[in-house]
Structures are given as structure tokens and as C-alpha cells.
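Coordinate analysis (summary)
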Amino acid sequence: MSYYISDIFPYLNKTQQKKLEIQLGIVLKNYQHKQVLKCNIIQVLKNKYIVKLKNILNSNDSHILKQIFLEGGFIETSECRDSIDFPVIEFNGYIHLPLEFYEIMLKDRFFKEKQFLIGILSSFPEKELKYWLIWLEKETQIPSQIKMPIRKNLIRFYTYVLLSPIAISPLYLFNKRILSLHECFHHLLKKPPLSFVYECFSFYQALQKIYYSISDDEMMKVKNIDISLKQLLLLFLSGKLVPNFKNNRIENIVLTKELRDIEISTIKKESFENITYLNKFHSF
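Criteria and thresholds
Residues numbered from 1 in each chain as written. Predicted model: local features only at pLDDT ≥ 70, side-chain atom pairs only at ≥ 80, totals over all residues. Heavy atoms only, no water. Helix = DSSP H or I, 4+ residues; strand = E, 2+ residues; numbered from the N terminus. Buried < 20%, exposed > 50% of the residue type's maximum accessible area, 1.4 Å probe, protein only. Contact = heavy atoms within 4.5 Å. Areas by Shrake-Rupley, 256 points an atom, 1.4 Å probe, with all protein chains shown as cover. Salt bridge = Lys/Arg side-chain N within 4 Å of Asp/Glu carboxyl O. Pairing = 2+ DSSP bridges. Axes fitted to C-alpha atoms, helices over the stretch in contact; angles between N-to-C directions. Parallel < 35°, antiparallel > 145°, perpendicular 65-115°, else oblique. Nonpolar A, V, L, I, M, F, W, Y, C, P; charged D, E, K, R; others polar. Expected span 1.5 Å × (residues − 1). pLDDT = per-residue confidence, 0-100. Phe/Tyr/Trp six-rings, centres within 6.5 Å; stacked < 30°, edge-to-face > 60°. Lys NZ or Arg CZ within 6 Å of the ring centre and 35° of its normal.

So, about the overall build of the protein. Helix and strand counts for the protein stand at 14 helices and 8 strands. Counting only residues that meet the buried cut, the protein has 51% of its 284 residues in that class. A fraction of 62% describes how many contacts in the protein between residues 6 or more apart in sequence connect residues 24 or more apart. Accessible surface computed for the protein: about 14300 Å², of which carbon and sulfur atoms make up 50%.

Encoded structure:
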């Protein structure tokens, strides 16, 4: 869950408002049209801050902005002990990376080449996004409230994927960040439904059919390592492994860099209500 500065600005305290105006070099309170303000903020972030964010994400050093971005776009204010010299939104006890940044990330090659899910999503055909969303909603029982077409709402879809409660095992098994379709599904590619991908089914439609038809103890070999087929499919469902599409066909399988904001292996059922809240975008 995050916000556009252009939407949330009137609801911030005066100190936060002044800080954002100084950082952006824009007198935000003078703007009457939100769309014009949003475009101007995006331009300032693109010119002044996006390179700084890339350098932080590219570095091996820990940084509060890296933590915010990788863990879903926000953290509790109590987790940040130092002042952040960067245009972030502080609201209701949380620090958010503004959604204007995500508008830039969707179109910036850096985020695709560095294997961030936010950058790879733009290559997804609408059909794949649709069936991934159907699978996610069915498995999590959390409505996405995303309007169609999904390609016009990729930021919201991205946030929904990151915050959906999917239990995944540690990823230490994968020492390779780019895999072929054959390396992931070698013995399944010759059998339905994966053998019908492109002709009849979308990739995520086929994975959903496999997911609900297999037993929990069915095993696979990926790069000569045994892994539960269910766990492998959960990596796709949670957005940790995703196909990289080129001309509507899968070029390779990518291990994305975003972390889970909540490790669901430790979460209790009664906490699901909180996750539902996190997946809602507030409008003002």
C-alpha cells in the first residue's frame, strides 16, 4: 500500500508538507489539478532522484530506502531512526515510497535488466496478468479490486502480488537467477496442460491447473535439485519466479529481487484481516 504525493499531500502534517516542497522544489499547495501536479512530480523525481534510487538498489550496502522498496513500498516509522533525505511520504505511522516513483520504474529499462518484478511486468501480455490474478485471488481469498485492463493498473497489480499472503520456502536452492522454461519444467513440457501453452492456455492458466491437480508431496528436479512441485509453483504465484516475455512468448524464467514484506510461514490465520487492509488503495 502506498500513495501518490499528488493525492495525499493535503492530508499530511505541515512539517511533512514543507519538507516535500523543499525536496521537490515545487509549491505543492498551489496546484488545483492533481493530474498536472502528478506529472510535474514525476518529472522532478525522474530528473533528480531516480538515479540515486538506482544506485541504492544496485549497492550491496544496507539502506532504509532499499528496505522500503524491497519489502513492499512501506515500513513502520518506528523502524527508521534517521532522517531520510529523499521524497517519501510519512503518514499514519508508516513511511511510503510515493507511487509516482513506480510510474517511472514501469518504463525504465534498469528495473527490467536488474530483474525487479516491477520492471518485468510491462512485458506481460494481458492474458497472463488476468490468469495470474485469478489464481492469486482464488488461493488467497483476498479480492484485488483491480479494474480491467490490468495493464493499465500495473502498479496496483504489483502491490497486490507483493502483499498477497503466499507461504514460500527459502530460496537458497536457486543459485542461478535466470532459468530456461526447460530447466524449470523439463518433464512437464511434453504433457498437458504445459504442452498446450500458447496454443490453448496461457502460462499462468496452465500453472493454475497443475497447482490444483497435484499432490502436496509431488517432487521436481530443478537444476538437479529436488524441490516440491507445489513449492515451485508457489514461487510463480508469489512473483519470486516470473516468465520474461518477448513477443508474447516466454524467453526465460527470472528470479526477481523483491522480498516478501511478510513471511507467511510465521503468520497466523487471524492476521489475514490486516493483509486485506494492506491491499486496499485509499482514495481521497
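Past the structure itself, the notes keep going.
So, about the environment of Y11. Here Y11 shows up in the loop between α1 (5-8) and α2 (14-24). Overall, Y11 belongs to the partly exposed group, its relative accessible area being 41%.

This paragraph deals with the pattern of salt bridges. Side chains that differ in sign of charge can pair as their charged atoms come close. Within this structure, the stated rule accounts for 7 salt bridges. As a salt-bridge pair, K38 and E103 come within 3.3 Å of each other at their nearest N and O atoms. Of the two residues, K38 sits in helix α3 (residues 34-48) while E103 sits in helix α6 (residues 99-105), which places them 65 residues apart along the sequence.

This part is about the pairing of strand β7 (residues 241-246). Strand residues, when the strand is regular, have side chains that alternate between the two faces of the sheet. The buried fraction of β7 amounts to 5 of the 6 residues, a majority that puts the element mostly inside the structure. By the bridge criterion, 6 bridges tie β7 to strand β8 (residues 249-255) in an arrangement that is antiparallel. When the bridges of β8 are listed, P243 appears paired with I253.

The 3 strands lie next to each other as β4-β8-β7, forming an open sheet whose pairing is antiparallel. Where the open sheet ends on each side, the last strands, each with one partner, are β4 (178-179) and β7. With respect to the sheet, helix α13 (residues 229-237) is in contact with β7 and β8, its orientation differing from that of β7 by roughly 60°.

This part covers helix α12 (residues 203-211). Buried residues dominate α12, accounting for 8 of its 9 residues. Turning to α12, its buried residues are F203, Y204, Q205, A206, L207, Q208, I210 and Y211. Contacts from the buried residues of α12 go to α9 (126-140), α11 (181-185), α13, β7 and β8.

Attention now moves to the packing of α9 against α12. The interhelical angle for the contact between α9 and α12, taken along N-to-C directions, is 25°, at an axis separation of 7 Å. With respect to their mutual orientation, α9 and α12 come out roughly parallel. Across from E128, Y131, W132, I134, W135, K138 and E139 in α9, the residues of α12 making contact are F203, Y204, Q205, L207, Q208 and Y211. Across the contact of α9 with α12, the residue classes break down as 8 nonpolar, 2 polar and 3 charged.

Attention now goes to unusual backbone geometry. For the bond from M148 to P149, the omega torsion is -5°, close enough to zero to count as cis. Take P149: it is sitting in the loop between α9 and α10 (154-163). Cis rather than trans, the peptide bond between P192 and P193 has omega equal to 0°. In this structure, P193 sits in the loop between α11 and α12.

For α9, spanning 15 residues, the distance from its first C-alpha to its last is 21 Å, which sits close to the expected 21 Å at 1.5 Å a residue. Within α9 the residues assigned to the buried category are E128, L129, Y131, W132, L133, W135, L136 and T140. Those residues of α9 that are buried lie in contact with α8 (117-120), α10, α12, α13 and β7.

Turning our eyes to something else, we now look at the confidence of the model for the protein. Mean pLDDT over the protein: 85, with 88% of residues reaching 70 or higher. Mean pLDDT values over the elements of the protein span from 36, in helix α14 (residues 272-278), up to 97, in α12.

Attention now goes to the packing of aromatic side chains. One pass over the structure, following the stated rule, counts 24 aromatic pairs. Residues F86 and F101 carry aromatic rings whose centres are separated by 5.2 Å and whose planes lie at 15° to one another, so their mutual orientation is stacked. Of this pair, F86 sits in the loop between β1 (74-76) and β2 (89-91) while F101 is found in helix α6, placing the two residues 15 residues apart along the sequence. Neither residue differs from the other here; F86 and F101 are each classed as buried. The rings of F124, W132, W135, F157, F185, F203, Y204, Y211, Y212, F236 and F245 are connected pair by pair, giving a single aromatic cluster. A cation sits over an aromatic face here: K38 above Y4, 4.6 Å from the ring centre.

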